[in-house]
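Now for the letters of each chain:
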Amino acid sequence: MRQHRRTLRLLGSLLLVAMAASVTGAAPAPAASPTPLDRVIPAPASVTPGGSPYRITRGTHIRVDGSRETRDVGEYLAKILRPSTGYRLPVTAQGAGGIRLRLAEGPFGAEGYRLDSGRGGVTITAAKPAGLFHGVQTLRQLLPAAVEKDSVQPGPWLVAGGTITDTPRYGWRGAMLDVSRHFFTVEQVKRYIDQLALYKINKLHLHLSDDQGWRIAIDSWPRLATYGGSTEVGGGPGGFYTKADYREIVRYASSRHLEVVPEIDMPGHTNAALASYADLNCDGVAPPLYTGTEVGFSSLCAGKDITYDFVDDVIRELAALTPGRYLHIGGDEAHSTSHEDYVKFMDRVQPIVAKYGKTVVGWHQLTGATPAKGALAQYWGLDGTSAEEKARVVKAAQNGTGLILSPADRVYLDMKYTKETPLGLSWAGYVEVKRSYDWDPGAYLPGVPGGAVRGVEAPMWSETLENSEHVEFMAFPRLPGVAELGWSSAASHDWERYKGRLAAQAERWNVLGIEWYRSPQVPWGAGGG
Ligand code: NGO
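Note that the structure is a prediction, hence the values are computed from the model and not measured.

Remarks on the site of the ligand
Then comes step 1: Taken together, 14 residues are adjacent to the ligand, and Arg-181, Asp-332, Tyr-412, Asp-414 and Glu-463 come closest.
Then comes step 2: Measuring from an oxygen atom of the ligand, one finds a side-chain N or O atom of Tyr-412 at 2.7 Å.
Then comes step 3: Within the side chain of Asp-414, a nitrogen or oxygen atom sits 2.7 Å from an oxygen atom of the ligand.
Then comes step 4: Burial of the ligand by the surrounding chains reaches 97%, relative to a free accessible area of 340 Å².

Structure follows, in structure tokens:
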């Protein structure tokens, strides 16, 4: 009998637990242990754990100072936290405690920040709004992945106690999207921007023109977009951005503290333009539109004056759409342009970029001509690149040309991971996650002076990529590694530790609906599905 009563009591308490769980709509919260402060990508410069965690509650306010930009960062954070916590989280200038975003003098540079967390609140301090924004990305990663959900979750919402002080190694941490080989809509570009922001990428390079499609409306040469933009690889409908579309991309990127770097690839990779205007061709005959994937067969006509009128108009209109400092003029694989014409072309085109107030960026073949003062060259060679070609790039760097490193056999996100990868190319080899991460931009090209390396960039060429799922599958999990190479110190570089931090990101990708490649090199845990 006594035995029976005990069983009943046990059943009763089990029932209570079950009822409590059903009230919150989920299993009882697991014992709360907040994410350690150092489980962040990119690895922060310095982490000092200690003290009590902060708990976000119904009463938490997001406190900002008076500036518009700080308030914008506060609202951005609130929009992430409100749906999953179910809390109001007002963004206000009053009160004490809570989550505080403050601008203050300090050793933070243009993008660094400090995050202090303790029982009374979390404070992110930075000298500039970009630093606050990057600090918010860190805070996001310190909260459980469920914070990204769009319905109310049980929490608890704990941020480990301690201090993070963080500044980037490089000012250029880029990602390129080729919207020419396949067109990507404004919404698709925004989706990628949000994914880039999570890892503190600060440049979005848009490859806006190539043989297969011209993607930006130019009022003075309207057929570029309407005709030159009317197809893509494989013969699909293509598309182009109106100026309003493009401004919206720039605005959205800037709300995520990314600067858009537009590229018009010249003098090669120009079939879409040559097809749109017969006059641009040396022989005055427009070629047909092109939907294949060969490279190196097209060239603007370096000897015709109309070529430079065209370039002037395009650069003027594009510069007017570009609040950022840089304009990329391509310059790669000009196999149908003689060396003499290539040099002549670059000598005339670079001053046009300067005339419209922008700084030239070009693929590293630009170092075979005379890079303008202040120009940046984007290196896309690989281990097998000839010594002569590397030496040209090194020499240019010694003479003051800045370098952006995009070695194709490391950070080309369109390279297949293995021979089984269903998407992508393999001309630079297979690039698994470890190979992509395990190199040092500062030591990559021997002989390059330290200050010449401005950063890294991960290009996503889209010959085989048609939609966001494709882009994500190729970017994740390699993109966070490139972001870390750009942000974190060389001293923090360590594959063994990195792969553990990377594995911890997977649950967040799942919640965000991001496609990703389950690399066998990474110890994906339970969330690695
Ligand atoms: C090369 C080529 C592009 C291709 C890409 C594919 C550069 C700078 N030019 O990179 O046209 O799309 O490879 O990986």
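Observations concerning the pattern of salt bridges
Then comes step 1: What the rule picks out here adds up to 30 salt bridges.
Then comes step 2: Put simply, Arg-114 and Asp-116 hold a salt bridge, and the shortest N to O gap is 3.0 Å.
Then comes step 3: Under the relative-accessibility criterion, Asp-116 is labelled partly exposed at 22%.
Then comes step 4: A salt bridge links Arg-256 to Asp-194; its shortest N-O distance comes to 2.8 Å. Of this pair, Arg-256 sits in the loop between helix 6 (243-255) and strand 14 (259-266) while Asp-194 is found in helix 4 (residues 186-198), placing the two residues 62 residues apart along the sequence.
Then comes step 5: When its relative accessible area of 16% is taken as the criterion, Arg-256 is described as buried.

Quick notes on the state of the cysteines
Then comes step 1: Taken as a whole and judged by the stated rule, the model has 1 disulfide.
Then comes step 2: With a sulfur-sulfur separation of 2.0 Å, Cys-282 is cross-linked through a disulfide to Cys-301. One quick way to see it: the torsion about the S-S bond of Cys-282 and Cys-301 is about 100°, and its sign makes the bridge right-handed. Residue Cys-282 is found in the loop between helix 7 (271-276) and helix 8 (305-320), and its partner Cys-301 is found in the loop between helix 7 and helix 8; the two are separated by 19 residues along the sequence.

Some points on the sheet that holds strand 6 (residues 113-118)
Strand pairing within a sheet occurs via backbone hydrogen bonds; the two strands may be parallel or antiparallel.
Then comes step 1: If you walk across this open sheet you meet the 7 strands as 1-9-6-7-5-3-4, and the pairing is mixed. The sheet terminates laterally at strand 1 (46-49) and strand 4 (91-92), the two strands that pair on one side only.
Then comes step 2: As paired strands, strand 3 (residues 62-64) and strand 4 are joined by 2 bridges and run parallel to one another. Considered in strand 4, the bridge of Arg-63 is made with Thr-92.

Considerations on helix 4
Then comes step 1: A rise of 1.5 Å per residue sets the reference length of helix 4, with its 13 residues, at 18 Å; its end C-alpha atoms lie 19 Å apart and thus fit the reference within 8%.
Then comes step 2: Backbone geometry just after helix 4 places Lys-200 at a positive phi near 65°.

Topic: the pairing of strand 15 (residues 326-330)
Then comes step 1: Where burial is concerned, most of strand 15 is hidden: 5 out of the 5 residues are buried.
Then comes step 2: Of the two faces of strand 15, the one lined by Tyr-326, His-328 and Gly-330 and the one lined by Leu-327 and Ile-329 are each fully buried.
Then comes step 3: Here strand 15 runs beside strand 16 (residues 359-363); their pairing, made up of 3 bridges, is parallel. Its bridge partner being in strand 16, Tyr-326 is matched across the sheet by Thr-359.
Then comes step 4: For the crossover that starts at strand 15, traverses helix 9 (residues 339-355) and ends in the parallel strand 16, the hand is right-handed.

Definitions and limits used
- Residues numbered from 1 in each chain as written.
- Predicted model: local features only at pLDDT ≥ 70, side-chain atom pairs only at ≥ 80, totals over all residues.
- Heavy atoms only, no water.
- Near = heavy atom within 4 Å.
- Polar contact = N/O pair within 3.5 Å; in protein donor to acceptor, adjacent residues only side chain to side chain.
- Areas by Shrake-Rupley, 256 points an atom, 1.4 Å probe, with all protein chains shown as cover.
- Salt bridge = Lys/Arg side-chain N within 4 Å of Asp/Glu carboxyl O.
- Buried < 20%, exposed > 50% of the residue type's maximum accessible area, 1.4 Å probe, protein only.
- Helix = DSSP H or I, 4+ residues; strand = E, 2+ residues; numbered from the N terminus.
- Disulfide = S-S within 2.5 Å.
- Pairing = 2+ DSSP bridges.
- Expected span 1.5 Å × (residues − 1).
- Right-handed = clockwise from strand over helix to strand, strands pointing away.

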